[in-house]
Amino acid sequence: MDKLIRQPTYNLSDRPFMIIWETTHACDLACKHCRAEAIPEDDPLSLSFEDAKRLLEQIESFGRPRPLLIFTGGDPFKRVDLFDLLAYGNKLGLIIAVSPSGTPLLTEANLLKVKNHGAKAISLSIDGSNAERHDSFRQVPGSFELTTRGWRIARKLGLKLQLNTTVTRYNLEDLPEIFRLVLEYGAMTWSLFFLVPVGRGRAEDEISPAEYEAVMHFLYDCSKFASAKTTEGHHYKRVVLQRAILDEKGLPLEDYFQLDPVYYRLTKALNNIVTQHRIKPREAIIRTPMHINAGNGFVFVSRRGDVFPSGFMPISAGNVREKSLVEIYREAPLFNDLRDTSKFEGRCGLCEFVGVCGGSRSRAYAVTGDPLAEEPFCTYEPRTFPFQEELRARLNDPVE
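How each quantity is defined
- Residues numbered from 1 in each chain as written.
- Predicted model: local features only at pLDDT ≥ 70, side-chain atom pairs only at ≥ 80, totals over all residues.
- Heavy atoms only, no water.
- Core = buried A, V, L, I, M, F, W, Y, C linked by side-chain atoms within 4.5 Å.
- Buried < 20%, exposed > 50% of the residue type's maximum accessible area, 1.4 Å probe, protein only.
- Helix = DSSP H or I, 4+ residues; strand = E, 2+ residues; numbered from the N terminus.
- Contact = heavy atoms within 4.5 Å.
- Salt bridge = Lys/Arg side-chain N within 4 Å of Asp/Glu carboxyl O.
- Pairing = 2+ DSSP bridges.
- Right-handed = clockwise from strand over helix to strand, strands pointing away.
- Expected span 1.5 Å × (residues − 1).
- Polar contact = N/O pair within 3.5 Å; in protein donor to acceptor, adjacent residues only side chain to side chain.
- Phe/Tyr/Trp six-rings, centres within 6.5 Å; stacked < 30°, edge-to-face > 60°.
- Lys NZ or Arg CZ within 6 Å of the ring centre and 35° of its normal.
- 1 Å grid on protein atoms, 1.4 Å probe; cavity = no way out; pocket = protein on both sides within 12 Å on 5 of 7 lines; lining within 4 Å.
- Points joined across faces, edges and corners; volume = space filled by probe spheres on them.
- Axes fitted to C-alpha atoms, helices over the stretch in contact; angles between N-to-C directions.
- Left-handed = near helix turned anticlockwise from the far one by under 90°.
- Nonpolar A, V, L, I, M, F, W, Y, C, P; charged D, E, K, R; others polar.

Student: What should I look at first to understand the nonpolar core in this one?
Tutor: Soluble globular proteins tend to bury their nonpolar side chains together. One finds F71, W190 and L325 to be the most contacted residues of the largest nonpolar core, which totals 104 residues. Take this core: its biggest share by element is eight residues, from helix α7 (residues 209-222). Excluding residues within four positions of it along the chain, F71 makes contact with W21, T23, L56, P76, L82, L85, L86, I96, A97, V98 and S99. In this structure, A294, M313, F344 and C348 belong to the second largest nonpolar core, which totals eight residues.

Listed below in structure tokens is the structure:
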């Protein structure tokens, strides 16, 4: 249980751990949940090549250790100067990953260029275990085949690969079969995105809070066989801590959690899959995902240079054309409020897990209009977990 909680070793008020840059609005998919509401054509007001170079220089000026920079979109391959910008970022010493879409642009030639121009990793999205499910979600026939082909190519080329799945009511019961693909094809990490109703994402597409809790427990079970984490599902870190303590004590979760029946269906399917593949649990300690949150170790830069705490929280704190990203991140009142957990309201403000969770600030804003409100999709009542002494010991451990 040593070093169970992953946190950066430096002050997140000084520099972010991760920066997402929306390189373009253009994409040839029409995904049901798309945060960016992407369209095939580029936005003429996007950062120019020279603007983008200045952004990369601003990121470099955060100093060491360098933030992880992710080129996202839209589809980064729709940006004609993508490879030149990758090369420039690599020259500056930045750590860069790329998040392309599953389109005909996801070719071996383009992935090889990504690697040769300095990117260390890519992420791909897979939202169904077969073409019918995935293509229905992405609303373009052939996307599943193109994505899985790109997946195999990236692995062959030696690129680190994260697989992203957005959890919705459309694919909830399909999650074990998607995990089967993760096992069979291989990936560095499987990340479940918990839908925030922004862009094309709609509240009616979300699963219920009880189902989210069930999915997080299922993901903990998955993490015994492959690396797994969440995006905008920050209370997964609470679940990891709770379940790890129960595992250490050899106690059944049924005695401590009243989980939605979907959990038992998902975990039954998971057990069947790992039995079929004859996979044993990993010996490595299961650790919480890195503790970062909107505006607190994480920052999003839009295609036009606007700076947001998260791509799912459309409150601009400034623009990199007018002010350095470093200054905005360090000094913007919104960012400083989001880093001050004493300002969190409701159950989040009372919760013993607030220092390693904090809830989804983006979902709080989307649902209530207040980024400091309690996480509306967390079912936990503060301080009801029975092993508070053991928990305090874990929360106070020095971490890496």
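Student: For this particular structure, what's the right way to read the pattern of salt bridges?
Tutor: Working definition: two side chains of opposite charge can pair if their charged atoms are close together. Tallied over the full model, the rule gives 21 salt bridges. A salt bridge links D51 to R321; the shortest N-O distance between them is 3.2 Å. Residue D51 is located in helix α1 (residues 49-60), and its partner R321 is located in the loop between β10 (307-308) and α10 (325-331); the two are separated by 270 residues in the primary sequence. Classification of R321 as partly exposed rests on a relative accessible area of 42%. Through salt bridges with shared partners, a single ionic network connects D14, R15 and R330.

Student: Even after reading the chapter, I still don't get the pairing of strand β6 (residues 189-194), so can you show me in this structure?
Tutor: Along a regular strand, successive side chains alternate from one face of the sheet to the other. Within β6, five of the six residues are buried, which leaves the element mostly enclosed by the surrounding structure. Of the pairings in the sheet, the one linking strand β5 (residues 160-167) to β6 comprises six bridges and is parallel in character. Across the sheet, the residue bridging to T166 is F193, located in β6. The β-α-β motif built from β5, the intervening helix α6 (residues 175-185) and the parallel element β6 has right-handed crossover chirality. Bridge count between β6 and strand β7 (residues 228-231): four bridges; the pairing is parallel. Note on β7: the bridge partner recorded for L192 is T230.

Student: I'm lost on helix α8 (residues 236-249) in this one. Help?
Tutor: Note that an α-helix has 3.6 residues per turn; residues three or four places apart therefore point the same way. The first and last C-alpha atoms of α8 sit 20 Å apart over 14 residues, in line with the 20 Å expected at 1.5 Å per residue. For α8, the buried fraction is high: 11 of the 14 residues fall into the buried class. Where α8 is concerned, the buried positions are Y236, K237, R238, V239, V240, L241, Q242, R243, A244, I245 and L246. Among the residues trailing α8, G250 stands out with phi positive, at a value near 70°.

Student: Please clarify how the environment of N164 should be interpreted in this entry.
Tutor: Residue placement: N164 occurs in strand β5. Here N164 falls in the buried class, since its relative accessible area comes to 7%. For the pair N164 and I95, spaced 69 residues apart in sequence, the C-alpha to C-alpha distance is 20 Å. Those residues in contact with N164 that sit more than four places away from it in its chain are S123, L124, S125, I126, D127, S191 and F193. A polar contact is formed between the side chain of N164 and the side chain of Q162, at a distance of 2.7 Å.

Student: How do you make sense of the packing of aromatic side chains when you look at a structure like this?
Tutor: How two aromatic rings sit relative to each other is set out by the distance from centre to centre and by the angle between their planes. For the structure shown, the criterion picks out 13 aromatic pairs. Counting every residue linked through ring pairs, the aromatic cluster contains F62, Y329 and F335. Over the ring of F344 we find R361, and its NZ or CZ is 4.3 Å from the ring centre.

Student: For this particular structure, what's the right way to read the layout of surface pockets?
Tutor: The rolling of a water-molecule-sized probe over the atoms marks out the regions of remaining empty space. Size it by volume and the second largest pocket reaches roughly 260 Å³. Taken together, 16 residues make up the lining of the second largest pocket; nearest its centre are E213, Y256, F257, T379 and Y380. Listing elements by their share of the lining of the second largest pocket, those giving two or more residues are α7 and α8. When residues in the lining of the second largest pocket are grouped by element, the largest group, three residues, is from α7.

Student: Which parts of the structure should I look at to understand unusual backbone geometry?
Tutor: A negative phi holds for most residues other than glycine; trans holds for most peptide bonds. Of the consecutive residues R64 and P65, the connecting peptide bond is found in the cis state with omega at -5°. Here P65 is to be found in the loop between α1 and β2 (68-72). Cis geometry is adopted by the peptide bond preceding G74, which originates at G73 and carries an omega value of 20°. By secondary structure assignment, the location of G74 is in the loop between β2 and α2 (82-92). For E232, which is not a glycine, the phi torsion comes out positive at approximately 55°. With respect to the element layout, E232 can be found in the loop between β7 and α8. The buried category is assigned to E232, whose relative accessible area is 8%. The phi torsion at R278 lies on the positive side, around 55°, for a residue other than glycine. Here R278 shows up in the loop between α9 (261-276) and β8 (293-294).

Student: Just to check I follow, could you spell out helix α5 (residues 143-157) for this structure?
Tutor: Over its 15 residues, α5 runs 21 Å from end to end, which matches the ideal 21 Å to within 8%, given 1.5 Å per residue. Here α5 has its buried residues at S143, F144, L146, T147, T148, G150, W151, I153, A154 and L157. Looking at the residues trailing α5, positive phi occurs at G158, about 85°.

Student: Teacher, can you tell me more about the packing of α8 against helix α14 (residues 388-395) here?
Tutor: To describe two helices that pack against each other, one gives the angle between their axes and the distance between the axes. Viewed as axis vectors pointing N to C, α8 and α14 meet at an angle of 115°, and their least axial separation amounts to 11 Å. Here α8 and α14 pass one another in a crossing that is right-handed. Two secondary-structure elements touch here, α8 through L241, I245, E248 and K249 and α14 through E390, L391, R394 and L395. The class makeup of the residues in the contact of α8 with α14 is four nonpolar, no polar and four charged.

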